[in-house]
Amino acid sequence: MSEAPATIQHTSSAAELSAALTDLAAHDSILVCLDFDGCVAELVADAASARPVPANARAIDQLSTLAGVTVAYVSGRPLADLHALASPPAGTILVGSHGAEVDMGDDAPGLQLDAGQETARRTVLETLTSVAADHEGAWVEHKPAGGAIHVRKVADPETGEHILDEARAALAMIDGAHVKEGKQIVEAVVVHATKGEAITELRERIAPGAVFFAGDDVTDEYGFAVLTGQDVGVKVGEGETAAGLRIAAPADLAGVLDTLTQLRCRPGSPETAATEEGPA
């Protein structure tokens, strides 16, 4: 990931958001990429209970129906979780495991690990399980490309960070394990993939005029780093970022997406032009 200067940590004004979204919406086609946890859904201690903020789900559903708009979830979650938890609208592209898994609605085969990767994945899971076993509240998430240890249920933040340090040290000894950092989580995958690579691949395949990406975590910075021109990056919450815009919380995302929908539907916009042209 290329280095980029951090933006000032303040939420963007309505005028800043409107200006960036107006330029984005003017393109004939746009790709709207969204992280799931901490962006569309609130961060929760029980990962299995995460669901889109209702207003975000409504806004995504509406945006996905517009001409020239392609919606994609780009997440560290496995594809199976996105299907089960995100309730994606029909036609939504799903990118899971930081880009290692992709579902574009075709019959392409799922993630395939070779023998060496399978061995490394098994070692990652055994290592993380051993670390978690010694600490109440820590738990391990099994993923198709590796595993992750979560400490959001650990009562004391300092203890949680100690557990993550222990996991980092243990994972560093595993050949073929790529460590990824997150909020109260450390993950190791055996397939090198980043959200930036995933967004770049989607851009090449779909050829949109511009890209929108919203995310909240460290791994989302790889996505923000590949945005150019009139692309729009929105950081959700605190923390240094290469994104040009910032909102305070997942609950604020619906307003951003609603504004984008309104801009796409105003007179002279790509959406209204498509409606006025009608069927050929």
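Residues numbered from 1 in each chain as written. Predicted model: local features only at pLDDT ≥ 70, side-chain atom pairs only at ≥ 80, totals over all residues. Heavy atoms only, no water.

Undergrad: If you had to explain the packing of helix α4 (residues 115-133) against helix α5 (residues 157-171) to someone new, which residues and values would you point to?
TA: The interhelical angle for the contact between α4 and α5, taken along N-to-C directions, is 150 degrees, at an axis separation of 10 Å. Viewed along their axes, α4 and α5 adopt a mutual orientation that is roughly antiparallel. Where α4 crosses over α5, the two elements pack in a sense that is right-handed. Side by side, α4 and α5 meet where Val124, Thr127, Leu128 and Val131 of the first sit next to Ile163, Glu166, Ala167, Ala170 and Leu171 of the second. Residue composition of the contact of α4 with α5, grouped by class: 7 nonpolar, 1 polar and 1 charged. (Axes fitted to C-alpha atoms, helices over the stretch in contact; angles between N-to-C directions. Helix = DSSP H or I, 4+ residues; strand = E, 2+ residues; numbered from the N terminus. Parallel < 35°, antiparallel > 145°, perpendicular 65-115°, else oblique. Left-handed = near helix turned anticlockwise from the far one by under 90°. Contact = heavy atoms within 4.5 Å. Nonpolar A, V, L, I, M, F, W, Y, C, P; charged D, E, K, R; others polar.)

Undergrad: How would you summarise the sheet that holds strand β9 (residues 210-215) if you had to cite specific residues and measurements?
TA: The strand order β4-β3-β2-β1-β9-β10-β11 describes an open sheet built from 7 strands, whose pairing is mixed. Looking at the sheet topology across the chains shown, the edges are occupied by β4 (101-103) and β11 (245-247). Within this sheet the neighbouring strands show an average axis-to-axis angle of 15 degrees, counted without direction. Strand direction decides the pairing type here: strand β10 (residues 232-236) and β11, joined by 3 bridges, are parallel. Bridge assignment links Lys235 to a residue of β11, and that residue is Arg246. (Pairing = 2+ DSSP bridges.)

Undergrad: Pulling in residues and values, what's your account of the side chain of His98?
TA: Assignment of secondary structure puts His98 in the loop between β3 (93-96) and β4. A relative accessible area of 4% means that His98 is categorised as buried. Among the polar contacts listed, one links the side chain of His98 to the side chain of Glu187, at a separation of 2.9 Å. Residue contacts for His98: discarding those within four places in its chain leaves Ser75, Gly76, Lys180, Glu187, Ala193, Thr194, Lys195 and Thr219. (Buried < 20%, exposed > 50% of the residue type's maximum accessible area, 1.4 Å probe, protein only. Polar contact = N/O pair within 3.5 Å; in protein donor to acceptor, adjacent residues only side chain to side chain.)

Undergrad: Pulling in residues and values, what's your account of helix α6 (residues 195-206)?
TA: The end-to-end C-alpha distance of α6, which contains 12 residues, comes to 16 Å, matching closely the 16 Å that a straight helix rising 1.5 Å per residue would cover. Those residues of α6 that sit buried are Lys195, Gly196, Ala198, Ile199 and Leu202. Projected down its long axis, α6 shows its buried positions confined to an angular sector of 160 degrees, all on one face. As for α6, its buried residues are in contact with β1 (30-34), β2 (69-74), β3, β9 and α7 (221-224). Looking at the residues trailing α6, positive phi occurs at Ala207, about 55 degrees. (Expected span 1.5 Å × (residues − 1). Arc of directions from axis to C-beta.)

Undergrad: Kindly report on the packing of helix α2 (residues 54-64) against helix α8 (residues 253-265), identifying the contributing residues and their values.
TA: When two helices pack together, their arrangement is captured by the angle between the axes and the distance separating the axes. Where α2 meets α8, the axes come as close as 8 Å, and the angle between the chain directions of the two elements is 20 degrees. What the angle tells us is that α2 and α8 run roughly parallel. Of the two possible hands of crossing, α2 and α8 adopt the one that is left-handed. Residues Ala55, Asn56, Arg58, Ala59, Ile60, Gln62 and Leu63 of α2 form the contact with α8, whose participating residues are Leu253, Ala254, Leu257, Asp258, Leu260 and Thr261. Per-class residue counts for the contact of α2 with α8 are 8 nonpolar, 3 polar and 2 charged.

Undergrad: Any details on the pattern of salt bridges? Residues and values, ideally.
TA: If you walk through the whole model with that rule in mind, you get 12 salt bridges. Close ionic contact of Arg58 with Asp258 constitutes a salt bridge, the shortest N to O distance being 3.0 Å. Residue Arg58 is found in helix α2, and its partner Asp258 is found in helix α8; the two are separated by 200 residues along the sequence. Taken together, the salt bridges that share partners define one network made up of Glu161, Asp165, Arg168 and Glu181. (Salt bridge = Lys/Arg side-chain N within 4 Å of Asp/Glu carboxyl O.)

Undergrad: Tell me about the pairing of strand β7 (residues 178-182), and name the residues and values.
TA: Two faces belong to every sheet, and in a regular strand the side chains alternate between them. Sheet topology places β7 next to strand β8 (residues 185-189); 5 bridges connect them, and they run antiparallel. Bridge pairing in β8 places Val179 opposite Ala188. Adjacent in sequence and paired antiparallel, β7 and β8 are bridged by 2 residues, among which Gln184 carries a positive phi angle near 60 degrees.

Undergrad: So what's going on with the packing of aromatic side chains? Residues and values would help.
TA: A full pass over the atoms with the stated rule returns 2 aromatic pairs. Judged by centre distance (6.0 Å) and plane angle (75 degrees), the rings of Phe36 and Tyr73 are edge-to-face. Residue Phe36 is found in the loop between β1 and α2, and its partner Tyr73 is found in strand β2; the two are separated by 37 residues along the sequence. The two residues Phe36 and Tyr73 agree in class, both being buried. Aromatic side chains Phe213 and Phe224 sit 5.1 Å apart centroid to centroid with 50 degrees between the ring planes, which places their arrangement in the tilted category. Note that Phe213 is positioned in strand β9 and Phe224 in helix α7, a separation of 11 residues in sequence. Phe224 matches Phe213 in its accessibility class, with the two residues each being buried. (Phe/Tyr/Trp six-rings, centres within 6.5 Å; stacked < 30°, edge-to-face > 60°.)

Taken by themselves, the reported measurements are silent on function.
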